[in-house]
Amino acid sequence: MVVLALLATDVYLYLQKNKSNEKIVYQNDEKTRLQTELDSLEAQIEQVNAGKTKLSTEMQAKNDSLTAKIKVLRTELAKGQLTRGELDKAQEDVKQLRYFVTKYTADIEELKKQNTSLTNERDTLKTNLATVSDKATTLEKQNQDLDTKVKVASAIKLATSDIVAYKVKNSGKEVEVSRASPAKKIKINFTIANNAVAEKTMHDIYIRIIDPTGNLITSTDAGTFNADGQDLQFTYKTSIDFKDDGTTYTVDWTNPGAFQKGNYTVMLYADGYTMGKTGFMLK
């Protein structure tokens, strides 16, 4: 009987030892599985963050919290043998961590979608602004072109012109001449072409007289003006009252020097443009 009792005791102890060994093996396998899952969760977080999505303060805090929890669990699992209670707690912690990582991943993906949507809206807005800017530039150019056309159309132009040279007697009487030596002045007679859009008001008239040698005749008080996009020096300046009624205008100009024989060119300007060109000849 004693032998049987001892034998039964040995068998019991053997079975208990095997159960204990099986328990240790099970716990080690579970630790390995949990560590593998932590690796997977950490890789999932790194993959989400690899998109370099700009995180809000709240999202960054979640990211830091999850990373810290994984680190804590790794430390716990790195211990020697865990009790059943410790292992159960680790399993529950990993389960909760899996939920939070999944939710965090979904939040990041939603944030990416929102960022993509905002980027598309921004790009669309940029395109629309560029289109509006192009249209505004085109419209501005059209307005400038139209303004130029209006200015050109409203500038007065010569219809007819006639120039006569005179000498002045001692009595002050003016006598028409055709020779250069006695000539002292000229009268420029001209009419303006009908122009319904030109302002019916006083218009400055600039006159340039080119002598037979091709030089511009000027006086000490002659100045400059702008016409046809360039600055020019004038021989004489006057003004006329334009009424668009066919009036004949006369401009008297006395040469500050002596007239030469040959052909003279006379150009008239008003409103920033050339009015017309005429001339005369002295023998």
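As the structure is a prediction and not an experimental result, all values here were calculated from the model.

**Some thoughts on the confidence of the model for the protein chain**
Low-pLDDT stretches of the model should not have their predicted coordinates read in fine detail.
Next, step 1: Residues at a pLDDT of 70 or more form 82% of the protein chain, whose mean pLDDT is 80.
Next, step 2: Taken together, the stretch residues 10–26 has pLDDT below 50 and engages in three contacts with residues farther than four places along the chain or on a different chain.

**Overview of the side chain of T191**
Next, step 1: Here T191 is to be found in strand β3 (residues 185–192).
Next, step 2: By relative accessible area, which is 13% here, T191 ends up buried.
Next, step 3: In this structure the side chain of T191 is engaged in a polar contact, spanning 2.6 Å, whose partner is the side chain of T160.
Next, step 4: For T191, the residues in contact, after removing those within four places along its chain, are K157, L158, A159, T160, G246, T247 and T248.

**Notes on the nonpolar core**
Next, step 1: Of all hydrophobic cores here, the largest spans 29 residues; its most connected members are I156, I186, F190, F259 and M275.
Next, step 2: Those elements that provide at least two residues to this core are β1 (158–168), β3, β4 (202–210), β8 (248–254), β9 (262–270) and β10 (273–282).

**Here's the deal with the packing of aromatic side chains**
Next, step 1: Evaluated as defined, the whole model comprises nine aromatic pairs.
Next, step 2: With a centroid separation of 5.7 Å and 75° between ring planes, the pair formed by F259 and Y264 is classed as edge-to-face.
Next, step 3: A cation over a ring is seen here: K187 above Y166, with NZ or CZ 5.6 Å from the ring centre.

**Here we look at the side chain of K185**
Next, step 1: Note that K185 resides in strand β3.
Next, step 2: On the basis of relative accessible area, K185 is assigned to the buried category, the value being 9%.
Next, step 3: Of note is the side chain of K185, whose polar atom sits 2.6 Å from the side chain of E174.
Next, step 4: A distance of 3.5 Å separates the side chain of K185 from the side chain of D252, its partner in a polar contact.
Next, step 5: With residues up to four places along the chain from it excluded, the contact list for K185 reads V164, A165, Y166, V168, E174, D252, W253, T254, N255 and F259.

**Some points on the sheet that holds β3**
Next, step 1: Reading across from one edge, β2-β1-β3-β8 is the order of the four strands in this open sheet, with antiparallel pairing throughout. Of all strands in the sheet, those bounded by a partner on one side alone are β2 (174–177) and β8. On average, each strand axis in the sheet is tilted by 35° relative to the strand beside it, whichever way the strands run.
Next, step 2: Across eight bridges, β1 lies against β3 in antiparallel orientation.

**Observations concerning the pairing of β4**
Next, step 1: In terms of burial, β4 is largely enclosed, as seven of its nine residues are buried.
Next, step 2: Across six bridges, β4 lies against strand β7 (residues 236–241) in antiparallel orientation. Bridge assignment links I205 to a residue of β7, and that residue is T238.
Next, step 3: Note that β4 and β9 share five bridges and pair antiparallel. Bridged to I207 within β9 is L268.

**Here's the deal with the sheet that holds β7**
Next, step 1: Sheet architecture is open: four strands sit in the order β7-β4-β9-β10, paired in antiparallel fashion. Looking at strand neighbours, the two that pair on one side only are β7 and β10, the edges of this open sheet. Between one strand axis and the next, the sheet turns by 25° as a mean value, whatever way the strands run.

**Quick notes on the pattern of salt bridges**
Next, step 1: Tallying each qualifying case throughout the model produces five salt bridges.
Next, step 2: Salt-bridge contacts for D123 lead to R122; the nearest nitrogen and oxygen are separated by 3.2 Å.
Next, step 3: Put simply, E174, K185, K187 and D252 are held in one network by salt bridges that share partners.

Reading the values: the criteria
Residues numbered from 1 in each chain as written. Predicted model: local features only at pLDDT ≥ 70, side-chain atom pairs only at ≥ 80, totals over all residues. Heavy atoms only, no water. pLDDT = per-residue confidence, 0-100. Contact = heavy atoms within 4.5 Å. Helix = DSSP H or I, 4+ residues; strand = E, 2+ residues; numbered from the N terminus. Buried < 20%, exposed > 50% of the residue type's maximum accessible area, 1.4 Å probe, protein only. Polar contact = N/O pair within 3.5 Å; in protein donor to acceptor, adjacent residues only side chain to side chain. Core = buried A, V, L, I, M, F, W, Y, C linked by side-chain atoms within 4.5 Å. Phe/Tyr/Trp six-rings, centres within 6.5 Å; stacked < 30°, edge-to-face > 60°. Lys NZ or Arg CZ within 6 Å of the ring centre and 35° of its normal. Pairing = 2+ DSSP bridges. Axes fitted to C-alpha atoms, helices over the stretch in contact; angles between N-to-C directions. Salt bridge = Lys/Arg side-chain N within 4 Å of Asp/Glu carboxyl O.

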